[in-house]
Amino acid sequence: MSEGVDTQPVALGASRVELRVSCWNLSEREGAVKPNPCLVLQLLSDGQWNEVGHSEVLRGSQNPVFAHVFALDYFFEEMQVLKFAVFDIDGESAESPEEDAGDLLGSTECTLGQIVSQTKVTKPLVLRNGEVAEKSTITVEAEEVSTTNEFVQLEFHGQELDDKDFFSKSDPFLEIYKVNNNETESLVWRTEVVKNNLSPRWAPFRVSLQSLCSCDPEKAIRCIIYDHDSSGKHDYIGEFSTSFQQMLPASTGEEVKWECINHKYQEKKKHYKNSGYIVLTQCKVEKVHTFLDYIMGGLQISFTVAIDFTASNGDPRSEHSLHFINPKEPNEYLKALSSVGEICQDYDSDKRFPAFGFGARIPPDFEVSHDFAINFEPENPECERISGVIEAYKRCLPQIQLYGPTNVAPIINKVAAPAAEEEKTGLPTKYRVLLVLTDGVVSDMPEACDAVVRASRLPLSIIIVGIGNADFSDMRELNGDRGMLESEEGRAVRDIVQFVPVREFKKAPPNALAKCVLAEVPKQVVEYYGSKGIAPVTQRTSSPLPQ
């Protein structure tokens, strides 16, 4: 039930905005059953709709106020077309339309510029057939995010809350609202429901100070406590008003306590005192650094290439081979190398890139190798700039014999080894990105999963680009699309793999592939260094990053 704001890195030259969404009078199901709405936000890019994110599912609600906050970069110079689609999700366990496709209750399109210029936009929802959904509307509110990256971790619990149920105890949850300057309110957070408990302890959560109080410690904050009802008609227990300033004593270990007041009871009951208490036990302010903070602080991105030379690619001398060198048009391997590599090389100071091959028999003995240097210099596998990698690739092809199988664990382990050594220093100054170009299904999937799980603890990201038209469905396992990866090595501590098939970008602009495969890297960099408590060099008291 609880949802937070996205904490994606901010693009250079962009302003960051947060969007909050609510709907009114959504259509009921047959039999006057209220819907379970979920909102999906999409952005139009190169003629295709790409999902930005989706909200939580709110059970039994015709007038949902979604707790999830959508954060986007706003560019004045771009037309950023958004689609807001509301789905009715079936099934008790469904969390999004992808997991259990539901009925579309309606959608609407508008530009981010329209929302930003008006700060609040209300539009009718439109059905699949183009007709307007009767009386159903959607409201989107925008707020610019300040330059501060401060977040606060809060932990609340209740004491002796009113019992609203006849046969059991209340199922309380807490909603936190920011009171805006125009006296309107914005939902900041909705906690999980604690079942059958009048003294609930809600899980700690983290929100930005911008979301909580617009970075103004005196701004009013309203907290409302409800008894959850599966029908969506939640019973009001009570509320209290406060400010971030009043919460701050909890940052030094002192509990802050408020009376939970039901104003209707207060007016009607002569001896009414309160409906229980809410206690704040933790208020921890922390800085969340951005990708740019680390890059501008001297962090280097080390880019490594691994190319699939298995026999399934076809004889490189044949024009039907995926490795065929056509003087008129580069093959898919070369296109992916150029597209992704030219961006990555901007973040590497020496512009030298290790490049390896796998799945081939190599000279002089023509034994199969899954981690050979394509320049045939095992002690110095680096190539000068991406153009050097491309030249080494072209020179390598006539000298090797394509073979197999498609084993990727050796190359992952090879790149992970120096990352592990650097992590032992406690201050890794180089973040590695491994680009794997492959035409087929991974043959050593169990070993590859183990390698990825181990690598998830290191300063390393893995990009896998699928070349050709093979069935890449098993790649989703490495990609983390089915949840956090697990193997015999345990559970991955973070998602470090991004898989993209080139065939999806044949009609897209040249930069579209790189934009897609590199999209997750900034987030993964921030997650890694944030989890280690490592600040950018410009925000540490120590000397500059060691070489």
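Here goes a summary of the coordinates provided. In this text, all values refer to a predicted model and were calculated from it rather than measured experimentally.

Some thoughts on the pairing of strand 10 (residues 172–179)
Moving on, step 1. The buried count for strand 10 comes to eight of eight residues, which makes it a mostly enclosed element.
Moving on, step 2. Both faces of strand 10 are covered, namely the face carrying Pro172, Leu174, Ile176 and Lys178 and the face carrying Phe173, Glu175, Tyr177 and Val179.
Moving on, step 3. One ladder, built from seven bridges, connects strand 10 with strand 13 (residues 220–227); its direction is antiparallel. Each residue of the ladder has a partner; that of glutamate 175, found in strand 13, is isoleucine 224.

Considering the environment of isoleucine 467
Moving on, step 1. Note that isoleucine 467 resides in the loop between strand 25 (460–466) and helix 10 (475–479).
Moving on, step 2. Along the sequence, isoleucine 467 and asparagine 313 sit 154 residues apart, while their C-alpha atoms lie 9.1 Å from each other.

Digging into the packing of helix 8 (residues 409–423) against helix 9 (residues 445–455)
Moving on, step 1. Remark: helix 8 packs on helix 9, axes separated minimally by 8 Å, with the N-to-C direction vectors making an angle of 20°. When the interaxial angle is binned, helix 8 and helix 9 end up roughly parallel. As helix 8 packs across helix 9, the resulting crossing turns out to be left-handed. Contact residues: helix 8 offers Ala409, Ile412 and Asn413, while helix 9 offers Glu447, Ala448, Ala451, Val452 and Arg454.

Things to note about the side chain of glutamate 175
Moving on, step 1. Among the secondary structure elements, glutamate 175 is positioned in strand 10.
Moving on, step 2. Under the relative-accessibility criterion, glutamate 175 is labelled buried at 7%.
Moving on, step 3. If we ignore the near neighbours within four places in the chain, the residues touching glutamate 175 are Leu187, Trp189, Arg190, Arg222, Cys223, Ile224 and Tyr226.

What about the nonpolar core?
Moving on, step 1. Grouped together as the largest cluster of nonpolar side chains are 52 residues, with contacts concentrated most on Phe303, Ile307, Phe309, Ile374, Leu437 and Val465.
Moving on, step 2. If we ignore the near neighbours within four places in the chain, the residues touching isoleucine 307 are His323, Tyr333, Leu337, Phe356, Gly357, Phe358, Ile374, Tyr393 and Leu437.

Focus: the sheet that holds strand 12 (residues 205–208)
Moving on, step 1. Ordered by their spatial adjacency, four strands build an open sheet running 12-9-16-15, and the pairing between neighbours is antiparallel. Edge positions in the open sheet fall to strand 12 and strand 15 (256–259), since each of these has one partner strand only. With direction set aside, neighbouring strand axes in the sheet form an average angle of 35°.
Moving on, step 2. With four bridges joining them, strand 15 and strand 16 (residues 277–287) adopt antiparallel strand pairing. Residue pairing across strands places valine 256 opposite leucine 280, the latter belonging to strand 16.

Topic: the packing of aromatic side chains
Moving on, step 1. Tallied over the full model, the rule gives 16 aromatic pairs.
Moving on, step 2. A centroid spacing of 4.8 Å and a plane angle of 15° characterise the contact between phenylalanine 240 and tryptophan 258, whose relative ring orientation is stacked. Remark: tryptophan 258 occurs in strand 15 and phenylalanine 240 occurs in strand 14 (residues 235–243); sequence separation between them is 18 residues.
Moving on, step 3. Judged by centre distance (5.6 Å) and plane angle (85°), the rings of phenylalanine 303 and phenylalanine 353 are edge-to-face.

A few points about the sheet that holds strand 10
Moving on, step 1. Strand order in the open sheet formed by four strands is 11-10-13-14, and the pairing between neighbours is antiparallel. In this open sheet, the two edge strands, each paired with only one partner strand, are strand 11 (185–190) and strand 14. Each strand axis lies, on average, 25° off the axis of its neighbour in the sheet, ignoring direction.
Moving on, step 2. The sheet contact formed by strand 13 and strand 14 spans eight bridges and is antiparallel. Bridge assignment links isoleucine 224 to a residue of strand 14, and that residue is glutamate 239.

Cut-offs and rules
- Residues numbered from 1 in each chain as written.
- Predicted model: local features only at pLDDT ≥ 70, side-chain atom pairs only at ≥ 80, totals over all residues.
- Heavy atoms only, no water.
- Buried < 20%, exposed > 50% of the residue type's maximum accessible area, 1.4 Å probe, protein only.
- Helix = DSSP H or I, 4+ residues; strand = E, 2+ residues; numbered from the N terminus.
- Pairing = 2+ DSSP bridges.
- Axes fitted to C-alpha atoms, helices over the stretch in contact; angles between N-to-C directions.
- Parallel < 35°, antiparallel > 145°, perpendicular 65-115°, else oblique.
- Left-handed = near helix turned anticlockwise from the far one by under 90°.
- Contact = heavy atoms within 4.5 Å.
- Core = buried A, V, L, I, M, F, W, Y, C linked by side-chain atoms within 4.5 Å.
- Phe/Tyr/Trp six-rings, centres within 6.5 Å; stacked < 30°, edge-to-face > 60°.

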